[in-house]
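# Structural characterization, general
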Amino acid sequence: MGESDEVYLLSLESDASVKVRDGLMDVKHLERVNDDGLEQWKPVMKAAFPLSAADVGAVMDSLATAVPPLPRDAYTLDQLLDELVGTSQGLLAVEVHKRREHYTVGGCKAELSQVRTNRGARRTIAVESEDPAGVIAAVRELGLESRRNVNLPRGLKALVGFGARRYAVIDVGTNSVKFHVAERSADGEWQTIVDRSEVTRLGEGLDETARLNEEPIERTVAAIAAMADEARKNEVEAIAAVGTAALRIAPNRSAFVDAVRERAGLDVEVISGEEEGRLAYVAVKSGVGLGQGSLVVFDTGGGSSQFTFGHGDRVDERFSLNVGAVRFTERYGLGEVVPEDRLASALDAIAADLTRLDGRPTPDVLVGLGGGITNLAAVKHGLATYDPDVVQGTVLDRAEVDRQIELYRTRTAEQRREIVGLQPKRAEVILAGACIVGTVLAKLGRESLTVSDRGLRHGLLMERFGSFEMASRS
């Protein structure tokens, strides 16, 4: 067991290990990363203070920072921190107290540490050996193979919030606009800052008039403009905005896109149904354990439903169908009390539009996402306040979906709004959404599905602004 007080020099541009301990400047460089993701580090400096100007220059190079003219021949630690580190926005000195315990696991050195800074503490474990296979075996023996592995400089940057960057995504759907702001820390982890949606019914009347109508455009543009303002107040570096089914099929979508550009200063990219499904698959992979069996991910919205078929990480097929809750709500009057015969007609029509699912083998895993499905999960749990952690991973079986179909069928929109867990603005379209879910279950021969709270917005965030990174063992 041992304890030490150290000073780490952190850089926005480099993850080199640069620290001061026991009066010595200790620098290590990352030499290589092998095919298994294991890192090999090389000591390049261990020098006593005062440091020569040449050593100071080497330290700044390790931190990927331009070396200014150095007026001194040698630098004390205080001079280095005050005159070079403290004056650079890309550098930060962090005082660290470590408490370490050493073990041997499978022939490898293992160091368990408590790392404490003025911004909090973390427990870390380092496994080291010159034998890569030995490191992999030791990590597996410790039960840590599923954990993200991050080198200490990157972990410290995340702990103290150095180098964190914020981004926003706006997903413009047929029924609702989803808004997500997240912060990506130096270790690649995402933290949600804002995650909400607003029902604006952009596709209202689209099935009847074949055009986006003036009032839905106005309220949707207003919602997007407010979200863009909120994103900028959260000091995001960039905003990505995409549009889906309603904008794909509306011939006057350019009027909407132009209005958003003028009011919110954003360009809305209209993506294909296949791309929408692919991004949803990316999001689901990061949030739900999928295993290696056959998998179907479906995302049902107001104007369309996207289906992605695959095995584990591999996508085999994806397609989009014009099966959405708004369309069937308007066509069959599902926003109020619905007679059984009319509901049967709506179910028949939904089944007819989903014939592309017929005859397919039952998948090992079926994952559903979208506002309708997450609302079904929230109603199942009776969530007066929506909790994504409760919704994520919820299992919806056919009996529960059938129960909720009957619950909504027998109630007016106003009565539905009193149901705990149901977002009030979804009261008109929730019955159609539940019918779509029930039909998908029947078509694919599944008794249940797993709910994902993660959707298009999460997949877009990761693809546009940096995927989850895996650092490595050494």
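One structure accompanies this document, and this report is about it. Given the structure is predicted, the values throughout are model-derived calculations rather than measurements.

## Observations concerning the overall build of the protein chain
Along the protein chain, the regular secondary structure elements total 17 helices and 20 strands. Based on the C-alpha atoms only, the size of the protein chain along its principal axes is roughly 90 × 55 × 35 Å. A total of 474 residues make up the protein chain; the buried ones form 50% of that total. When the accessible area of the protein chain is evaluated, it comes to approximately 21,500 Å², of which 46% is carbon and sulfur surface. The centroid of the 58 positive side-chain charges in the protein chain is displaced by 1 Å from the centroid of its 73 negative side-chain charges.

## Describing the sheet that holds strand β10 (residues 165–172)
Strand pairing in a sheet relies on backbone hydrogen bonds, with the paired strands running either antiparallel or parallel. Strands sit in the order β12-β11-β10-β13-β14 across an open sheet of five strands; the sheet is mixed. The sheet is open, and its two edges are formed by β12 (190–199) and β14 (268–270), each paired on a single side. This sheet shows a mean twist of 20° between the axes of neighbouring strands, independent of strand direction. Where strand β13 (residues 238–243) meets β14, three bridges bridge the pair, whose relative direction is parallel.

## Here's the deal with the nonpolar core
Nonpolar side chains tend toward joint burial in soluble globular proteins. One finds F307, Y408 and L449 to be the most contacted residues of the largest nonpolar core, which totals 48 residues. Per-element accounting of this core gives the leading share, 10 residues, to helix α16 (residues 430–444). Apart from the residues within four sequence positions on either side, F307 is in contact with V297, F298, E317, R318, F319, L321, L354, L357 and V440. Within the second largest apolar cluster, 28 residues are counted, among which are V194, V236, V260 and L266.

## Remarks on the pattern of salt bridges
Evaluated as defined, the whole model comprises 34 salt bridges. One salt bridge connects R72 with E83, and the closest N-O pair in it is separated by 2.7 Å. Of this pair, R72 sits in the loop between α1 (53–62) and β6 (74–75) while E83 sits in helix α2 (residues 77–85), placing them 11 residues apart in sequence. Of the residues examined, E83 reaches a relative accessible area of 31% and is grouped as partly exposed. E237 is paired through a salt bridge with R165; the nearest N and O atoms lie 2.9 Å apart.

Parameters at a glance
Residues numbered from 1 in each chain as written. Predicted model: local features only at pLDDT ≥ 70, side-chain atom pairs only at ≥ 80, totals over all residues. Heavy atoms only, no water. Helix = DSSP H or I, 4+ residues; strand = E, 2+ residues; numbered from the N terminus. Buried < 20%, exposed > 50% of the residue type's maximum accessible area, 1.4 Å probe, protein only. Areas by Shrake-Rupley, 256 points an atom, 1.4 Å probe, with all protein chains shown as cover. Lys, Arg positive; Asp, Glu negative; His and termini not counted. Charge placed at Lys NZ, Arg CZ, Asp CG, Glu CD. Pairing = 2+ DSSP bridges. Axes fitted to C-alpha atoms, helices over the stretch in contact; angles between N-to-C directions. Core = buried A, V, L, I, M, F, W, Y, C linked by side-chain atoms within 4.5 Å. Contact = heavy atoms within 4.5 Å. Salt bridge = Lys/Arg side-chain N within 4 Å of Asp/Glu carboxyl O.

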